Amino acid sequence: MKQRSGLEAAFENTLWYSRWAVLVAVISSVLAALLMFYMAAVDTFYTVDHLVTYAGIDDYADRGEIRAVAVAQVVEIIDIFLLAIVLMIFGLGLYELYISKIDHAYEGDDEASQHMLSITSLDDLKSRLGKVIMMILVVKFFEMAIGMEVDDPLTLLMFSGGVLMTGAALMLTEMVHRK
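Bear in mind the structure is a predicted one, so any value in this text is a computation, not a measurement.

Let's talk about the packing of aromatic side chains
- All told, the structure shown has three aromatic pairs when counted by the stated rule.
- Consider the rings of F37 and F81, whose centres lie 6.0 Å apart with planes at 40°: the pair is tilted. Of the two residues, F37 sits in helix α2 (residues 22-51) while F81 sits in helix α3 (residues 60-98), which places them 44 residues apart along the sequence.
- Geometrically, the ring pair formed by F141 and F159 is stacked, given 6.0 Å between the ring centres and 10° between the ring planes. Highlighted residues: F141 in helix α6 (residues 122-146) and F159 in helix α7 (residues 153-178), separated in sequence by 18 residues.

Let's talk about the pattern of salt bridges
- In the structure shown here, the tally under the stated rule is two salt bridges.
- Here K140 makes a salt bridge to D79, at a shortest N to O gap of 3.3 Å. Taken together, the positions of K140 in helix α6 and D79 in helix α3 put the pair 61 residues apart, joining distant regions of the chain.
- Judged by its relative accessible area of 34%, K140 falls in the partly exposed class.
- In this structure, E96 engages K101 in a salt bridge whose closest nitrogen and oxygen atoms are separated by 3.6 Å.

Describing the side chain of D79
- Given the relative accessible area of 11%, D79 is considered buried.
- Ignoring any residue separated from it by four or fewer positions in sequence, one finds D79 in contact with I136, V139, K140 and E143.

Points about the nonpolar core
- The biggest cluster of nonpolar side chains holds 13 residues, and the ones touching the most others in it are L82, V86, I89, L94, L125, L129 and V132.
- If you list the elements that add at least two residues to this core, you get α2, α3 and α6.
- When near neighbours in sequence (up to four residues on either side) are disregarded, I89 contacts I119, L125, R128, L129 and V132.
- Core analysis: the second largest hydrophobic core is formed by five residues, M36, A40, I80 and A84 among them.

Concerning the confidence of the model for the chain
- Of the residues in the chain, 93% reach a pLDDT of 70 or more, and the chain-wide mean stands at 84.
- Put simply, helix α5 (residues 111-116) is where the chain has its lowest mean pLDDT, 61, and α2 is where it has its highest, 94.

Notes on the packing of α6 against α7
- Running from N to C, α6 and α7 cross one another at 165°; their axes reach a closest spacing of 11 Å. Looking at the two axes, α6 sits roughly antiparallel to α7. Seen from above, α6 lies across α7 with left-handed handedness. Within the contact between the two elements, α6 uses K131, M134, M135, V138, F141 and A145 and α7 uses F159, G162, V163, T166, A169, L170, T173 and H177.

Quick look at the environment of F141
- By relative accessible area, F141 is classed as partly exposed at 26%.
- Taking C-alpha positions, F141 is 8.3 Å from T166, a pair spaced 25 residues apart along the chain.
- If we ignore the near neighbours within four places in the chain, the residues touching F141 are F159, G162, V163 and T166.

What counts and what doesn't
Residues numbered from 1 in each chain as written. Predicted model: local features only at pLDDT ≥ 70, side-chain atom pairs only at ≥ 80, totals over all residues. Heavy atoms only, no water. Phe/Tyr/Trp six-rings, centres within 6.5 Å; stacked < 30°, edge-to-face > 60°. Helix = DSSP H or I, 4+ residues; strand = E, 2+ residues; numbered from the N terminus. Salt bridge = Lys/Arg side-chain N within 4 Å of Asp/Glu carboxyl O. Buried < 20%, exposed > 50% of the residue type's maximum accessible area, 1.4 Å probe, protein only. Contact = heavy atoms within 4.5 Å. Core = buried A, V, L, I, M, F, W, Y, C linked by side-chain atoms within 4.5 Å. pLDDT = per-residue confidence, 0-100. Axes fitted to C-alpha atoms, helices over the stretch in contact; angles between N-to-C directions. Parallel < 35°, antiparallel > 145°, perpendicular 65-115°, else oblique. Left-handed = near helix turned anticlockwise from the far one by under 90°.

Rendered as structure tokens:
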């Protein structure tokens with residue numbers, strides 16, 4: 001071990017302990033995730049409450065309108081849940097990378113929690129976030145496709161191209177993940 005001056009040792013010590021500033025991002029991210037879970041749960045409750053009368057509607061056109069709104073709401077709820085998951089993965093991943101391993105996740109035989117938190121580098125964290133963000137984009141595309149009006153062949157062709165590119169993006173993501 002090389003000799004260090006007192007100033008160098010103090011400076012390196014300060015640098016090392018400055019990693020605790022990451023806790024601001026961890027706490028903020030986990031808090032935001034919990035708020036997103038809350039929002040999605042409330043939206044789910046109101047969507048279910050709104051659909052309670054669905055079976056009692058006799059007019060097919062009215063049911064179709066309610067169905068279209070309900071599907072859009074459900075897709076939006078999925079989107080919010082996925083965003084909450086991104087925030088949670090980000091917060092837990094930062095904690096594991098910069099502060100400490102979360103011991104509780106690695107105790108016992110719970111393979112699911114060990115797999116979820118097996119983040120060993122920033123590249124692992126980026127990869128996990130990228131997958132969830134890809135799913136958010138797919139859900140957003142689906143949400144937009146629900147309300148899309150196909151009036152001419154060009155619109156249908158562009159929509160088909162969007163579906164094809166979405167499928168290709170998912171396939172490439174899976175291929176990268178398997179390597």
